[in-house]
Amino acid sequence: MRNKLGKIAFSTAALLSLGACQTKKESKKEEVKKPNVVVICLDDLGYGDVSAYGGKVLKTPNIDKLANEGALFTDGYATSATCTPSRYGLLTGRYPWRNKDAKILPGTAPLLIKTDQMTMPKMFRKNGYQTALVGKWHLGLGTGIVDWNQRVSPGPNEVGFDYAFYMAATADRVPTVYLKDGKVEGLDPKDPIYVSYDKNYDGEPTGLNNPEMLMMKWHHGHNGTIVNGVPRIGFMKGGKAARWNDETMANVFLAQAEDYIKTHKNKPFFLYYALEQPHVPRVPNPKFVGKSGLGPRGDVVLEADWAIGQLVNTLDKEGILENTIIVVTSDNGPVLNDGYYDDAVEKLGEHKPWGSLRGGKYSLYEAGARVPFITYWKGHIKPVVSDAIVCQVDLMSSFAHMLGSDIIGPDSENILPALLGESKKGRETLITEATSRTLLRQGNWILIPPYQGKAVNEFVDIEVGNDNDYQLFNVKEDIGQQHNLASSNPEKLEEMKKLFIELRGEDYLKNVEKLELK
Ligand code: NG6
Ligand code: CA
């Protein structure tokens, strides 16, 4: 691939000097070598939520089609077991643990990515692409105090997206409005909007004070402003006309993505389509209510799968499917009870959102950051199941390489052949994180340093991976991480520690046992 595309860069230069020698038809051919790239990132979708990954209960036919006709990665990773750090890694090619502020952000947090930092959309733009974000942002906005009644900046537009239609943070956090290129969509200037994470606005109902107004009850957190009967994190006043309808969110984002594709198909584009499902609150469109038999969590997975199918159909109908690389992945692993009573636990039945992995969202164990990871490119990527270690952080350098660009993300490796299913060689080492605690994967091995704190987060009922001792697993032989080999394999333990120190610094490991982490 490199050679093929390397040649293209050369022949573009040659074309200029040779001028008339090149026919029109040939020069047109040059252009189509810049495939569109659509990165579809779901929110909290687990390794076992996609039926192509072996799930038998919940069926995701549209994602499965991409997986079965493209490359399905068994060892694909987000950089983190939570959203903000994960998306930071995806969009900047830099490990989130290098940025101390890369933690789950409130809706009022300042922009986490520096405006002079290289990002994946900027990389694409430098290579002649149009760039768009549609969906969840959750990487902060503005520089401190935000006036939501003015254009909010810096934001996605300032870090590389020509067009951006997004929610500021999460579906369970205020402000519950869409923003388009920094402006709250549908805001009535006569009803200004105010947002705070510190205190409520006088007279505004909250989940804490007005349980009688709730359509969905909160379990932990989530007792602030009530919007559409759902209590959220944080407080908000005004902006009534601009507030989103949770039931139509999938349709609204899909329509935005489809419209973007239709209106931008004549030049290469990079579209980051960040679906909200199956993050809380799980409010499916009435069309999907009851469809999974697993309650709202299952229903919204079906809804997201449907939306992905629609998007692929649109690419096909517009005649650009063969010229579009699609990546499907998730920002972090699954969680059942993430703060609302929504039957996710009660109606789970035999479904295993984490598949055969241990842990879940927030966890150092595999279900935290090992996620569905699929690449599809009709006519180019052959059907393959690959166990190459691939990570979202690598997309930036890999796509840059594909375009003949020498831009690299600081922690982003060029693993293009693996991503295109041509090679089973991915990364050799990977450092992921879960709520600011890091761990190392090298080859088939995983090292989790000792971390203080509870072994299980009892609110979400997930093993988060804290332990007084080192944990060492061979995840090829023991994917469910049931056998800690730290004491039976001291040589490997030492080797992994040494490597961890090389990558993470000696101080980190020295201090790790003293770290007090939530
Ligand atoms: C947590 C929320 C959780 C979810 C998460 C972010 C509480 C108690 N829990 O703080 O519900 O919003 O943040 O999820 O408030 S993420 O996928 O965006 O990382
Ligand atoms: Ca998430």
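Refer to the preceding data block for the structure.
Just so you know, these numbers come straight off a predicted model, no measurement behind them.

Brief notes about the coordination of the calcium ion (ligand 2)
- For the calcium ion (ligand 2), the full set of protein donor atoms is Asp43 (OD), Asp44 (OD), Asp331 (OD), Asp331 (OD) and Asn332 (OD1), at a range of 2.2 to 2.7 Å.
- If you look at the calcium ion (ligand 2), its six donor atoms make angles of 52 to 171° with each other, and the shape they trace is irregular.
- Counting gaps between the donor residues of the calcium ion (ligand 2) yields the pattern D-D-x286-D-N. Of this pair, Asp44 sits in the loop between strand 1 (36–42) and helix 3 (61–69) while Asp331 is found in the loop between strand 13 (324–330) and helix 8 (366–369), placing the two residues 287 residues apart along the sequence. Here Asp44 matches Asp331 in class, with each residue buried.

What to know about the sheet that holds strand 19 (residues 445–448)
- A sheet is described by the order of its strands in space; here four strands give the open sequence 17-18-19-22, paired in antiparallel fashion. Only two strands of the sheet have a single partner each, and these edge strands are strand 17 (429–434) and strand 22 (471–474). Across this sheet, the average inter-strand angle for adjacent strands is 20°, counted without regard to direction.
- With four bridges connecting them, strand 19 and strand 22 associate as antiparallel partners. Bridged to Leu447 within strand 22 is Leu472.
- Against the sheet, helix 11 (residues 490–504) touches strand 17, strand 18 (437–442), strand 19 and strand 22, its axis set at about 120° to strand 18.

Some remarks on the side chain of Thr329
- One can find Thr329 in strand 13.
- The exposure class of Thr329 is buried, given its relative accessible area of 1%.
- Setting aside its immediate chain neighbours within four residues, Thr329 contacts Ile40, Cys41, Leu42, Val371, Pro372, Phe373 and Gln392.

Points about the packing of aromatic side chains
- In the structure shown here, the tally under the stated rule is 19 aromatic pairs.
- Following the ring pairs from residue to residue traces out a cluster consisting of Phe124, Tyr129, Trp137, Phe161, Phe270, Tyr272 and Phe399.
- A cation over an aromatic ring shows up here: Arg504 above the ring of Tyr508, its NZ or CZ 3.9 Å from the ring centre.

With respect to empty space enclosed by the protein
- Enumeration over the complete set of coordinates arrives at five cavities of 30 Å³ or more.
- When its volume is computed, the largest cavity comes out at roughly 80 Å³.
- What lines the largest cavity is a set of 14 residues, among which Leu364, Glu366, Ala369, Thr432 and Leu439 lie closest to the centre.
- Among the elements of the structure, helix 8, strand 17 and strand 18 are those that each provide at least two residues to the lining of the largest cavity.
- For the lining of the largest cavity, the per-class residue count stands at eight nonpolar, two polar and four charged.
- For the lining of the largest cavity, the two domains that each supply at least three residues are domain 1 (33–182 + 245–423) and domain 3 (430–517).
- The calculated volume of the second largest cavity comes to roughly 60 Å³.
- What lines the second largest cavity is simply Ala171, Asp246, Glu247, Met249, Ala250, Glu276, Gln277, Pro281, Val283, Asn285, Val300 and Glu303.
- Of all the secondary structure elements, the ones that give two or more residues to the lining of the second largest cavity are helix 6 (249–264) and helix 7 (296–317).
- A breakdown of the residues in the lining of the second largest cavity according to their chemical character gives six nonpolar, two polar and four charged.

Brief notes about the pairing of strand 1
- Across the seven residues of strand 1, seven count as buried, placing the element largely inside the fold.
- Of the two faces of strand 1, the one holding Asn36, Val38, Ile40 and Leu42 and the one holding Val37, Val39 and Cys41 are both buried throughout.
- Strand direction decides the pairing type here: strand 1 and strand 13, joined by seven bridges, are parallel. From the neighbouring strand, Val38 faces strand 13, where its bridge partner is Ile326.
- The pairing of strand 1 with strand 12 (residues 269–274) spans five bridges and is parallel. Residue pairing for strand 12: Val38 is matched across the bridge by Leu271.

Concerning the pattern of salt bridges
- Here the structure, examined in full by the defined rule, presents 29 salt bridges.
- Two residues, Asp101 and Lys100, come together in a salt bridge whose shortest N-O distance is 3.4 Å.
- When the shortest N-O distance is used, the salt bridge between Glu458 and Lys454 registers 3.3 Å.
- The exposed category is assigned to Lys454, whose relative accessible area is 56%.
- One salt-bridge network, held together by shared partners, links Asp75, Glu366, Arg370, Asp387, Arg441 and Lys476.

What counts and how
In this numbering scheme, every chain counts its residues from 1 along its sequence in written order. Going through the entries in the order they are written, you letter the chains from A and number the ligands from 1. Given that this is a predicted model, residues contribute local features only at a pLDDT of at least 70 and side-chain atom pairs are listed and counted only at 80 or more, while totals for whole chains, interfaces and linings are drawn from all residues. Note that the side-chain values use all heavy atoms of the structure and ignore hydrogens as well as water. Metal donors were taken as nitrogen, oxygen and sulfur atoms no farther than 2.8 Å from the ion, or 3.2 Å where the ion is Na, K or Ca. Water is excluded, so coordination may look unfinished. Just to be clear on the cut-offs, tetrahedral is four donors with all angles between 85 and 135 degrees, square planar is four donors and octahedral six with opposite donors over 155 degrees apart and all others between 65 and 115, and anything else goes down as irregular. Labels follow the DSSP assignment, with helices taken as runs of H or I lasting at least four residues and strands as runs of E lasting at least two, numbered in each case from the N terminus. With a 1.4 Å probe rolled over the protein chains alone, any residue whose accessible area is under 20% of its type maximum counts as buried; one over 50% counts as exposed, and the rest are partly exposed. Being paired, for any two strands, means DSSP has found at least two bridges between them. Helix axes are fitted only over the stretch in contact, all axes being lines through C-alpha atoms; the angle between N-to-C directions runs from 0 to 180 degrees. Contact criterion: two residues are considered in contact whenever any of their non-hydrogen atoms come within 4.5 Å of each other. Here is the rule: rings of Phe, Tyr and Trp (six-membered ring for Trp) pair when centre to centre is within 6.5 Å. Planes less than 30 degrees apart are stacked, more than 60 are edge-to-face, and the remainder are tilted. Geometrically, a lysine NZ or arginine CZ counts as sitting over a ring once it is within 6 Å of the ring centre and also within 35 degrees of the ring normal. Here a cavity means grid points, on a 1 Å grid over the protein atoms only, where a 1.4 Å probe fits yet cannot get out; a pocket means an open set of points with protein on both sides within 12 Å along at least five of seven lines; lining residues are those with an atom within 4 Å of a point. Grid points are joined across faces, edges and corners, and a volume is the space filled by probe spheres set on the points. Residues are grouped as follows: Ala, Val, Leu, Ile, Met, Phe, Trp, Tyr, Cys and Pro are nonpolar; Asp, Glu, Lys and Arg are charged; every other residue, Gly included, is polar. Residue ranges assigned to the domains are those given by an automatic or database domain assignment. Within this document, salt bridges are pairs made up of a side-chain nitrogen of Lys or Arg and a carboxyl oxygen of Asp or Glu, the two lying within 4 Å of each other.

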